[in-house]
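Survey of secondary and tertiary structure
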Amino acid sequence: MDGGGGSSDMTLAFELAALKRLAEPDAVFSDARTWSKYVGVVSEEPTYVVTNFTRKNRIRQDFFSGPRGREESLENVKRQFDTDRHVLVGTSDEDADLADRVDWEYLLVEQAADAAGWELGDPEEEAAPESTEDERDDWP
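Notes on the structure in this doc start here. (Residues numbered from 1 in each chain as written. Predicted model: local features only at pLDDT ≥ 70, side-chain atom pairs only at ≥ 80, totals over all residues. Heavy atoms only, no water.)

**Examining the pairing of strand β2 (residues 38-42)**
Judged by how many residues are buried, β2 sits mostly within the fold: four of five residues are covered. Judged from the five bridges that link them, strand β1 (residues 10-15) and β2 form a sheet pairing that is parallel. Counted as the bridge partner of L12 is V39 from β2. Direction of pairing for β2 relative to strand β3 (residues 63-64): parallel, over a ladder of two bridges. Each bridged residue has a counterpart across the sheet, and for G40 the counterpart in β3 is F63. Remark: the β2/helix α3 (residues 47-56)/β3 crossover connection has right-handed handedness. (Buried < 20%, exposed > 50% of the residue type's maximum accessible area, 1.4 Å probe, protein only. Helix = DSSP H or I, 4+ residues; strand = E, 2+ residues; numbered from the N terminus. Pairing = 2+ DSSP bridges. Right-handed = clockwise from strand over helix to strand, strands pointing away.)

**Let's talk about the sheet that holds β2**
Taken in spatial order, the five strands line up as β3-β2-β1-β4-β5 in an open sheet, and their pairing is parallel. The sheet terminates laterally at β3 and β5 (105-108), the two strands that pair on one side only. Across the sheet, helix α6 (residues 109-116) is in contact with β4 (85-90) and β5; its angle to β5 comes to roughly 85°. (Contact = heavy atoms within 4.5 Å. Axes fitted to C-alpha atoms, helices over the stretch in contact; angles between N-to-C directions.)

**A word on the nonpolar core**
Of all hydrophobic cores here, the largest spans 24 residues; its most connected members are L12, F14, L19, L22, F29, V89 and W118. Elements with a minimum of two residues in this core: β1, α1 (16-20), α2 (25-35), β2, α3, β4 and α6. Those residues in contact with F29, other than ones at most four positions away along the chain, are F14, L19, V39, G40, V41, I59, R60 and Q61. Within the second largest apolar cluster, 11 residues are counted, among which are A13, L74, L88 and L98. (Core = buried A, V, L, I, M, F, W, Y, C linked by side-chain atoms within 4.5 Å.)

So this is what it looks like as structure tokens:
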């Protein structure tokens, strides 16, 4: 993904839910760094949730929402990181509305993955697997 307009002067923010939809979030971040100036994560989740996810996946982010809400975070990021484009990758109409309110471009994670050649993970994979071990049919 070259950012559509061909500009690498871009700040790219992933909604945590969008990042979780990707099969290899660490590889996505590494790839995004080759054509984005700044890459980070925003979420309404508590800071420790974002931190745990990024540590587990060895993601080095340039910014994250921290204790602030997503809207305030995106506004602050836009002021702090003066790039030609600011793009939010999300998963919902709510994310698209947020991007519109703070004057960011919006990409649905599936569109971003398709354009950049990223692999999506299986959303069902995160669900608890069905247990077949220790099942007994001799219980009353």
